[in-house]
Amino acid sequence: MSTITDIGTLISRQPDIHGGCPIIAGTGVTVRRIAIWYKQGLSPEEIVDRIGHLTLTQVYAALTYYHANREEIDADIAAEAAEGERIEALICDRKIQNQQMDIALEIPTLADYPSRREFMQLPLEERRNILERQAEVMLQHYQQDREWQELEAGDLIDY
């Protein structure tokens, strides 16, 4: 005898998992993730192959939820894409800042020595001074870095 599944139990929302986005119940897999793969042309069977712990029933439930709530999920997908672009821009800006900072630092680093052995042959006090200046520069950098401040504040994106 087959088991009857209440399809209303297959999708859930939990505030502590992915910020309350709809997920396949009992998993951390978001409806958004299933919808993205579906929109990229994957069949439900291919999605099950990618996420082996899901059943075909669960994937179809996620797709049903997506089609019934397309506006919500598409907005969620767009917000995720925008956040990805924002983070990518921050990374590009950081790379540019790091290049500028590298030029302005003029603090000896391990890279200034042909080998670690040569660095280790410096007097202990000189090595301490070099490492202390590097630590100060790093601390100053992170104190001014907006993304680091967001991470420290706990404003993380929950995927």
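Residues numbered from 1 in each chain as written. Predicted model: local features only at pLDDT ≥ 70, side-chain atom pairs only at ≥ 80, totals over all residues. Heavy atoms only, no water.

Enquirer: Please explain the side chain of Thr30 as it appears in this structure.
Expert: Locating Thr30 in the fold gives a position in the loop between β2 (22-24) and α1 (31-39). Within the structure, the side chain of Thr30 is placed 3.0 Å from the backbone nitrogen of Arg33, a separation counted as a polar contact. When residues no more than four places from it in sequence are discounted, the contact partners of Thr30 are His18, Pro22 and Ile23. (Helix = DSSP H or I, 4+ residues; strand = E, 2+ residues; numbered from the N terminus. Polar contact = N/O pair within 3.5 Å; in protein donor to acceptor, adjacent residues only side chain to side chain. Contact = heavy atoms within 4.5 Å.)

Enquirer: Which parts of the structure should I look at to understand the packing of aromatic side chains?
Expert: What describes a pair of aromatic rings is the distance from one ring centre to the other and the angle between the planes of the rings. What the rule picks out here adds up to zero aromatic pairs. In this structure, Arg33 packs its charged tip against the face of Trp37, placed 5.9 Å from the ring centre. One cation-aromatic arrangement involves Arg50 over Trp37; the distance from NZ or CZ to the ring centre is 5.2 Å. (Phe/Tyr/Trp six-rings, centres within 6.5 Å; stacked < 30°, edge-to-face > 60°. Lys NZ or Arg CZ within 6 Å of the ring centre and 35° of its normal.)

Enquirer: Please clarify how helix α6 (residues 124-144) should be interpreted in this entry.
Expert: Residue pairs spaced three or four apart in an α-helix point in one direction, given the helix's 3.6 residues per turn. The terminal C-alpha atoms of α6, which comprises 21 residues, lie 31 Å apart, in line with the 30 Å expected from a rise of 1.5 Å per residue. Within α6 the residues assigned to the buried category are Arg127, Ile130, Gln134, Val137 and His141. Here the buried residues of α6 occupy an arc of 95 degrees about the axis, which is enough to place them on one side. (Expected span 1.5 Å × (residues − 1). Buried < 20%, exposed > 50% of the residue type's maximum accessible area, 1.4 Å probe, protein only. Arc of directions from axis to C-beta.)

Enquirer: Explanation requested: the pattern of salt bridges in the structure shown.
Expert: Pairs can form between side chains of opposite charge once their charged atoms are near each other. Inspection of every chain in the model, using the stated rule, returns six salt bridges. As a salt-bridge pair, Glu72 and Arg13 come within 2.3 Å of each other at their nearest N and O atoms. A residue pair is termed long-range when its members are at least 10 positions apart, and Glu72 in helix α4 (residues 70-105) and Arg13 in strand β1 (residues 11-13) qualify at 59 residues. By relative accessible area, which is 44% here, Arg13 ends up partly exposed. We note a salt bridge from Arg32 to Asp76, for which the minimum N-O separation is 3.0 Å. Of the two residues, Arg32 sits in helix α1 while Asp76 sits in helix α4, which places them 44 residues apart along the sequence. Across the pair, Asp76 and Arg32 agree in class, each one buried. Ionic contacts of the salt-bridge type, sharing partners, join the residues Arg32, Arg33, Asp76 and Glu80 into one network. (Salt bridge = Lys/Arg side-chain N within 4 Å of Asp/Glu carboxyl O.)

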